[in-house]
Amino acid sequence: MILTMKAAAAICMLSSVAAFAPSTFAPSNDVLKMSTAEAPTFTSESAKKQIGNDAFLNKDLMSRAQNGPGKKNEEKLSIGIIGAGLAGMVAAMDLADAGHDVEIFEVRPYVGGKVSSWKDKEGNHIEMGLHVFFGCYYNLFGIMKRTGGFDENLRVKEHIHTFVNKGGELGALDFKFPIGAPVSGLQAFARTEQLNIEDKFHNAVRLGTSPIVRALVDFDGGMDMVRELDDITFTEWFTQLGGKRGSLDRMWDAIAYALGFLDCDTISARAMLTIFMLFAIRTEASVLRMLDGSPQTGLHDPIIKYLEDRNVKINLGTPIRDIVHDVDEEGRPTRVHGLIAGTKNELRKFDTIVAACDVPGIKKVLPESFRKYPEFDNIYNLDTVPIATVQVRFDGWVTELNDEARMMDVSGDQSDGRGGGIDNLLYSVDTEFSCFADLAVTSPGDYYKPGEGSLIQAVFDERAFSRSNEQIVEDCIKQLHDVFPSSKKLKCTWSSVVKLGQSLYREKPGQDKFRPKQATPVSNFFLAGSYTYQDYLDSMEGATRSGIMVADEIIARADGPNGLAAKAKENQVETPKPFFAV
């Protein structure tokens, strides 16, 4: 067995981080006999329930997430997970409950991935984005019920999606109606003040010829139509049969930016119609919830406790330098053996490894040899979008439009959502932040401060990303004044900007085919993350689904004479000594 010089040096912890190169072992005769077939299909029956048309209507997914895998493997695996975002932590929950030894490695000093939050030196809670929970987040709600965070940590908002326009004029999609979906959705679009009469007419014509209408009588047929629309933009689809530019400019663009930080001219029609298919079929899908406080407090802390109670170790601030693996005679990976972790390049051996990363993370961590498989190489076709999350605190209530005295009043105890203004997610087509909220009102647990007013959190897309933090804050305040004119009388008392150069994967046309499955051609190496193959968008629910799916796949493959545990025993190798060792 041959070990490359740099890999040997890494294992001996003699090489520097900058000098480190992929650790690939040439295979033994036993390894050469191993199959390197194409990426397998789903093995787990439970994972199969997360994909396909039935998954969109399956409320039982919540029970699966809440109750866990429902199985304990006969054989125990040592499993290393790269990434402590939602996908990685959810996978760890299920794998630990199935009886495995699980360890997580996270490069950042905090968990959460794209849903991270933390405190600054002054005790302010800082977030990477604005996080809203749609009513169809069945898997994520199940996880929160399992960890005890659902009932006390989520706040249900009024069933209305509000648009704020220049001059303080409001429009809305008001889903409140005695009859549920699809009637509640149809009347919301018919009655919205956001569109004029002509645009409402053309909007109705286009929606009336959409897959959504077919799905009301033939759900499978409607969903199949949606899946076939990944190669065109929403604008192209919308304008083909009657839709007009006015509807796109005054309503749909804000929704597209909120979903994927792209406008209708850029985002895939499949991505947009997927979420609206859910809105049309399920009344609860368009109901919004927000955390009572920060993601760390309301979402991650209960998960961390759940994991620690099951002896899952989470290594924060621990980057993965390389994945140690065997290769065949053509240089393709056949098995993984461990991870080179941390600043000291420590070798950590595992029977199975899960890379639960985002798109930029998986591109960094995959060794070059993995790209010999199309399943891995395709990942490099996925692009991402940059965002800048802005928080600005004021000495009054910015979104209070009706009562100036109330807007200025920050006296007394106004916790628990009693502050002035709008307690909901807000959209706007007249600002560069398409969605925003006053967290001091919507999520007061960690964001309300006595004697202070609004804490507006707004997410800017790539149109503003290149500007300085100071300029972004200035632009945010100016644009808030444009849509809430009375707020010009208020002063900004604090601000923060967090830039994420690579956030969600860019849901432009033609990307769906590049998303990899959770099981890979390397039999003991798996993927998770919201970009991986699952029938939802790049979102918290998508990440949760992928974490459950990858755990189900590992659990289904763990036991038996050809299972992951048996193969791990067959292929145990001693840590090779460097060729120069005595």
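In every chain, residue numbers begin from 1 and rise along the written sequence. Where local features are concerned, this predicted model is filtered to residues with pLDDT of at least 70; where side-chain atom pairs are given and counted, the filter is 80 or more; whole-chain, interface and lining totals use all residues. In computing side-chain properties, one takes all heavy atoms of the structure into account and sets aside hydrogens as well as water.

A. The arrangement of the nonpolar core in detail. Joining through side-chain atoms within 4.5 Å is the link that ties buried Ala, Val, Leu, Ile, Met, Phe, Trp, Tyr and Cys residues into a set, and such a set is a nonpolar core. When accessible area is computed with a 1.4 Å probe and restricted to protein chains, residues below 20% of their type maximum are described as buried, those above 50% as exposed, and intermediate ones as partly exposed. In terms of nonpolar packing, the biggest core is built from 122 residues, with I81, F234, W252 and M272 touching the most fellow members. Here a strand is any run of E in DSSP of at least two residues, a helix any run of H or I of at least four, and the numbering for each starts at the N terminus. Counting residues per element, this core draws most heavily on helix α14 (residues 269-281), at ten residues. Every residue pair with non-hydrogen atoms within 4.5 Å of one another is taken to be in contact. Filtering out sequence-adjacent residues up to four positions away, I81 remains in contact with G88, A91, A92, L95, V102, E103, I104, F105, V354 and A356. Counting residues in hydrophobic clusters, the runner-up holds 26 residues, among them V359, F376, L382 and V522.

B. Quick peek at the sheet that holds strand β17 (residues 426-427). Spatially, the seven strands line up as an open sheet ordered β9-β8-β17-β18-β19-β16-β20, and their pairing is mixed. Strand pairing shows two members of the sheet lacking a second neighbour, β9 (170-174) and β20 (492-500), which therefore form its edges. For two strands to be treated as a pair, DSSP must find at least two bridges joining them. Bridging between strand β18 (residues 433-438) and strand β19 (residues 455-460) involves four bridges; their strand directions are antiparallel. Bridge pairing in β19 links F433 to F460.

C. Fine view of unusual backbone geometry. Residue A181 is joined to P182 through a cis peptide bond whose omega torsion reads 5 degrees. Note that P182 resides in the loop between β9 and α8 (183-191). You will see that N311, though not glycine, has its phi angle at about 65 degrees, which is positive. Tracing the backbone shows N311 in the loop between α15 (295-308) and β11 (313-315). Non-glycine residue D416 carries a positive phi angle of around 55 degrees. Residue classification places D416 among the partly exposed positions, given a relative accessible area of 48%.

D. Inspection of the sheet that holds strand β7 (residues 154-156) at higher detail. With antiparallel pairing, the three strands of this open sheet are ordered in space as β6-β10-β7. Of all strands in the sheet, those bounded by a partner on one side alone are β6 (133-134) and β7. Pairing geometry for β6 and strand β10 (residues 288-291), over two bridges, is antiparallel. Pairing of F134 across the sheet is with L288, part of β10.

E. Local environment of the environment of N139. Within the secondary structure, N139 is located in helix α6 (residues 138-147). Among the residues examined, N139 registers a relative accessible area of 0% and is labelled buried. Distance from N139 to A543, taken between C-alpha atoms, is 9.6 Å for residues 404 residues apart in sequence. When neighbours within four sequence positions are excluded, N139 is seen to be in contact with Q50, L61, A65, E541, T544, R545 and I548. What qualifies as a polar contact is a pair of N or O atoms within 3.5 Å, subject to a donor-acceptor requirement within protein and to the restriction that residues adjacent in sequence count only when both atoms come from side chains. Side-chain polar atoms of N139 contact the side chain of E541, separated by 2.8 Å.

F. Looking closely at the environment of D94. In this structure, D94 sits in helix α5 (residues 86-97). Given a relative accessible area of 0%, D94 falls into the buried group. Between the C-alpha atoms of D94 and N67, which are 27 residues apart in sequence, the distance is 9.5 Å. In this structure, D94 is in contact with R64, G68, P69, R146, I548, A551 and I555, ignoring residues within four places of it in sequence.

Any functional reading would require information that these geometric values do not contain.
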